[in-house]
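Close look at the chain arrangement
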Amino acid sequence: MAFVDELIIYARAGRGGDGVVRWLHLKGKEFSGPAGGNGGDGGSVYLCAVRDIGLLARYRGAKSFEAGDGGPGESASRDGARGEDIIIDLPCGSMVRNRSTGEVFDLVLEGQKIMILRGGRGGAGNAAFKSSVNRTPRQSTPGSPGEEAGLEIELRLIADCGIIGLPNAGKTSLLNALTRAGGKVGAYPFTTLDPNLGAFFGHTLADIPGLIEGAAEGKGLGFKFLRHIARTKLLLHCVPLDSADPVKDYTAVRAELGQFEDGSLEQKPEIIVLTKSDTREKKEIRQIADKFRAIEKKVYVVSVLDDDSIKKLQDSLISLLR
Ligand SMILES: Nc1nc2c(ncn2[C@@H]2O[C@H](COP(=O)(O)OP(=O)(O)O)[C@@H](O)[C@H]2O)c(=O)[nH]1
Ligand SMILES: [Mg+2]
C-alpha cells in the first residue's frame, strides 16, 4: 500500500439527547410533580497520537467518523445515556486543521490526546424547570447538535535527522548501515517510496525517499516529501561517488530545499556524506571531497562495505545530535 501523508476526513460529535416531559405518578394522584430527565450529552471526537507512520493509509476508504448521540431524558428524573466518544488514532507528527474553525492542532508526543469536536449538550427535562411558582412545568428543551468539521491531516515525520539526496544516492543503504533499520534498497528510483525510520542511540533518523525522485522532471512526488524534513535538526546529505558529477547532484538538491515554504530548510545544519567510496579511486575521491569542503566544513566519505567509515560517521552523529 502506498504511503499516505495527507488526508481529509469528516467527523461529527454526537448530538445531545432531548430533555423530556414526564410526571410522577403517585397512588391516586395523576400528576404528582415533574419527573422528566435531562438528555445525555453527545459523545465527543478525540484525536490520539500513535507511533505508526503508515496509519493514514488505513483511513483512505473511511468516509466519516461519528461519535454517539446522547439518549433522551428518562422518567423518574433520570438523565439520558451519554453518547459514546470516539478516538481517531493518528500518527505522531500529524498536523490537523479544522476546516470549519481554521484551528490547527499538532500531535507530537505518543499518547497525546486532544478533543477536536465537542459533543452537543443534552436538553433539560421538565424536572429541571420546577420552581416555587411553577410546580407543574410542561416545558423541556431539545439537545444541541455536536460540532462537526472536515479535518485536514498532514503528516510531518518527527525525526532528529533527515537523510536526503537524489535517487540511488545510497540513503536507504546508509540508514540501514547506521541503524540496522531494514529498509528496502533498490537500484531504481521509486523502489522505495515509503519513508524509513531508524532508531539511532536514542534519536530517530529518517530516510526521506522521493525527495527528489521526480521533482526535477515535474513528476510531483518530490516536493511533497520535503515537509518531512521540516522538523529535523540535522540533514545528512548523501552524494554518491559513482555519479558523473557529484557537485551538480548536490546543488540540485540544495536548490529544491531552497524552494520549500519559507526557505527554512536551507538554514538547517547539514553534513555532506559522500557515499559508495568503494566505487572510485582514492585520489579522485580526495579531489571531490576537497571541492565539497570548500562549500561545507563537515564532509564524510563512506561506503557501506567499509565498517570503519560507517563507525566514524556514527560517532560524529552521536556527538552532533547531543
Ligand atoms: N558499491 C556500493 N553500492 C552501494 C553503496 N550504498 C548503496 N549502494 C547501492 O546503490 C544503490 C542505491 O542504494 P539505495 O540505498 O537504495 O539508494 P537510495 O535511493 O538513495 O535510497 C543500490 O543498488 C545499493 O546497493 C555503497 O556504499 N557501495
Ligand atoms: Mg531509498
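Further up the page is the structure itself.
Since the model is a prediction, treat every value here as computed from it, not as a measurement.

Some words on the site of ligand 1
- Close to ligand 1 lie 16 residues; Asn168, Lys171, Thr172, Ser173 and Asp278 are nearest.
- Within the backbone of asparagine 168, a nitrogen or oxygen atom sits 2.8 Å from an oxygen atom of ligand 1.
- A distance of 2.8 Å separates an oxygen atom of ligand 1 from a polar side-chain atom of lysine 171.
- Within the shell around ligand 1, the residues separate by chemical class into six nonpolar, seven polar and three charged.

Things to note about the sheet that holds strand S2 (residues 45-50)
- Spatially, three strands are ordered S4-S2-S7 in an open sheet, and the strand pairing comes out mixed. Looking at the sheet topology across the chains shown, the edges are occupied by strand S4 (86-91) and strand S7 (113-117). Here the average twist between neighbouring strands, direction ignored, is 35 degrees.
- Bridge analysis of S2 against S7 gives four bridges, and the strand direction is antiparallel. The residue of S7 that forms the bridge with tyrosine 46 is methionine 115.

Considering the side chain of glutamine 314
- Mapped onto the fold, glutamine 314 is located in helix H5 (residues 307-321).
- With sequence-adjacent residues up to four places away left out, glutamine 314 is seen in contact with Ala177, Leu178, Phe200 and Phe201.

Here's the deal with a negative patch on the surface
- Among the surface-exposed residues, Asp278, Asp306, Asp307 and Asp308 lie close enough to one another that they form a single negatively charged patch.
- Checked against the element boundaries, aspartate 308 lands in helix H5.

Here's the deal with the sheet that holds strand S13 (residues 270-275)
- With mixed pairing, six strands are arranged side by side in an open sheet as S10-S11-S9-S12-S13-S14. At either end of the open sheet lies a strand with only one pairing partner, and these are strand S10 (196-200) and strand S14 (299-301). Strand-to-strand, the axes of this sheet are offset by a mean angle of 25 degrees, without reference to chain direction.
- Of the pairings in the sheet, the one linking strand S9 (residues 161-164) to strand S11 (residues 203-207) comprises three bridges and is parallel in character. The residue of S11 that forms the bridge with cysteine 161 is leucine 205.

Procedures and definitions
- Residues numbered from 1 in each chain as written.
- Chains lettered and ligands numbered in written order.
- Predicted model: local features only at pLDDT ≥ 70, side-chain atom pairs only at ≥ 80, totals over all residues.
- Heavy atoms only, no water.
- Near = heavy atom within 4 Å.
- Polar contact = N/O pair within 3.5 Å; in protein donor to acceptor, adjacent residues only side chain to side chain.
- Nonpolar A, V, L, I, M, F, W, Y, C, P; charged D, E, K, R; others polar.
- Pairing = 2+ DSSP bridges.
- Helix = DSSP H or I, 4+ residues; strand = E, 2+ residues; numbered from the N terminus.
- Axes fitted to C-alpha atoms, helices over the stretch in contact; angles between N-to-C directions.
- Contact = heavy atoms within 4.5 Å.
- Patch = residues over 30% accessible without salt bridge, like charges linked within 9 Å, V, L, I, M, F, W, Y side chains within 5 Å.
- Areas by Shrake-Rupley, 256 points an atom, 1.4 Å probe, with all protein chains shown as cover.
- Salt bridge = Lys/Arg side-chain N within 4 Å of Asp/Glu carboxyl O.
- Lys, Arg positive; Asp, Glu negative; His and termini not counted.
- Charge placed at Lys NZ, Arg CZ, Asp CG, Glu CD.

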